[in-house]
Amino acid sequence: MSGPFETVDVARLRSGHGVKWGSLPAATIGAWVADMDFGVPPAVRESIVRVTEREDFGYPFWPGQDPVVEAFEERMAGRHGWTPRPGRTRVFTDLIQILQVMIEHATDPGDGIAIHVPSYPPFLASIARSGRRIVPLPMVWSETGWGFAAEGLTARLREQGCRMIVLVDPHNPTGRVFTRAELAPLAEAAEELDLVVLADEIHADLVFSPHRHVPFASLGADAAARTITATSATKAFNIAGLRCAVAHIGPDRVWKSLAEAPLDYFGTPSVLSRVATVAAWREGEAWLEQLMLTLDDNRRAVARWAAASPWDLRHHTPEATYLAWLDFAGMPPADGGPGALLERRAGVKLSEGAEFSEHTGVDTASFARLNFATSPANLQEILSRVASLWA
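Here is what the cut-offs are and how they apply
- Residues numbered from 1 in each chain as written.
- Predicted model: local features only at pLDDT ≥ 70, side-chain atom pairs only at ≥ 80, totals over all residues.
- Heavy atoms only, no water.
- Axes fitted to C-alpha atoms, helices over the stretch in contact; angles between N-to-C directions.
- Helix = DSSP H or I, 4+ residues; strand = E, 2+ residues; numbered from the N terminus.
- Parallel < 35°, antiparallel > 145°, perpendicular 65-115°, else oblique.
- Left-handed = near helix turned anticlockwise from the far one by under 90°.
- Contact = heavy atoms within 4.5 Å.
- Nonpolar A, V, L, I, M, F, W, Y, C, P; charged D, E, K, R; others polar.
- Phe/Tyr/Trp six-rings, centres within 6.5 Å; stacked < 30°, edge-to-face > 60°.
- Buried < 20%, exposed > 50% of the residue type's maximum accessible area, 1.4 Å probe, protein only.
- Lys NZ or Arg CZ within 6 Å of the ring centre and 35° of its normal.

Enquirer: How should the packing of helix H3 (residues 95-106) against helix H4 (residues 121-129) be read in this particular structure?
Expert: If you want to describe how two helices pack, look at the angle between their axes and the distance between the axes. Between H3 and H4, whose axes approach to 10 Å, the crossing angle comes to 25 degrees. Taken as axis vectors, H3 and H4 run roughly parallel relative to one another. H4 is crossed by H3, and the crossing has right-handed handedness. The residues of H4 that touch H3, namely those facing Leu-95, Ile-96, Leu-99, Gln-100 and Ile-103, are Pro-122, Phe-123, Ser-126 and Ile-127. By residue class, the composition of the contact of H3 with H4 is seven nonpolar, two polar and no charged.

Enquirer: What exactly am I supposed to notice about the packing of aromatic side chains here?
Expert: The geometry of an aromatic ring pair is captured by two quantities: the separation of the ring centres and the angle between the planes. This structure, assessed with the given rule, holds 11 aromatic pairs. Plain terms: the ring middles of Phe-92 and Phe-266 are 5.9 Å apart, the flat faces sit at 55 degrees to each other, and that makes the pair tilted. Separated by 174 residues along the polypeptide, Phe-92 in strand E4 (residues 89-92) and Phe-266 in the loop between helix H9 (252-259) and helix H10 (271-283) bring together distant segments of the chain. Residue classification places Phe-266 among the buried positions, given a relative accessible area of 11%. Relative to Phe-367, the ring of Trp-325 lies with its centre 4.9 Å away and its plane at 5 degrees, an arrangement referred to as stacked. Separated by 42 residues along the polypeptide, Trp-325 in strand E12 (residues 323-327) and Phe-367 in strand E15 (residues 367-371) bring together distant segments of the chain. For the pair shown, Trp-325 and Phe-367 are each scored as buried. Linked through ring pairs, Trp-141, Trp-146, Trp-325, Phe-356 and Phe-367 together constitute an aromatic cluster. Positioned over the ring face of Phe-208 is Arg-299, at 4.1 Å from the centre of the ring. One residue, Arg-314, lies across the ring of Trp-141, its end atom 4.6 Å from the ring centre.

Here is the structure:
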């Protein structure tokens, strides 16, 4: 199958479970981006409109504690059962900035940083470009789901000179939600080797029942004291472009190092990003519940499609996120990987799997990541185009 495709138009804002989506106005359908083809919670939109009508675009200022920090602490305690330590949360622009800052303040050039692979490509690039060494913890396929080898973990990290673990949970791109039992060996290794743990928990609000997100800092007093918890409202509430994130810093030495940095060295998120974040966390729950119904329908549609495919397509239904990690090993070889072939011949653009293991020896070249946070009609068009290559 080749040649141009008709535009997939859902500009009339058809809605499913109360969630609205827009159009994809190009012949090539994009299912690779990191955000959603939906709108935002009404409370978020209204908060931005109010600020705009007041023309309140001065420097962010408030008496007392930052409202973003207050909303974060409320959400962690109320939704995830973890009470952050007061006075240890800072506001940043996004998780990439948090990772880069914490690498510089918690490790030294040449140190090893462990991370599950495949992993979000900008994280791998940040570690590599900082002069640190990536120590991959390969995600392992099994018939029951994705996991990783915990046996001998402490010895492996010691041999590789690790000083930090970057834990992405829920995991991007496999969609795994790690259980308390799976997290325990990481906590034990971190305690024995005195490692800082940077826990990226940005997808924690996008977990499908019956799975439950376990904040790494909630594993015990030692875990809390060595964990930097990084999160944001941007993924679950579709406001990534507004740029606002938080980091709760457990390690005393990292907190002290940050406090000694020049004033405003890390920048300041805008008024709009702050009011949107607070509105999302405090008033967006009903919208999020409806969103999860739509995403659940979509992930099940992808699972049915993958199971019915005539080729050997390995896929585990994600337990969280709106991302599907698909193994196209049975597809004919293509220059640039499966994503390049799908874009060229089917007009569907997915994230190339090879990018999720760059700078490591792990091979993910046969995979591609699909973003299913779109309308059922768009998703069906995407899956039909991919399947047509084997018709």
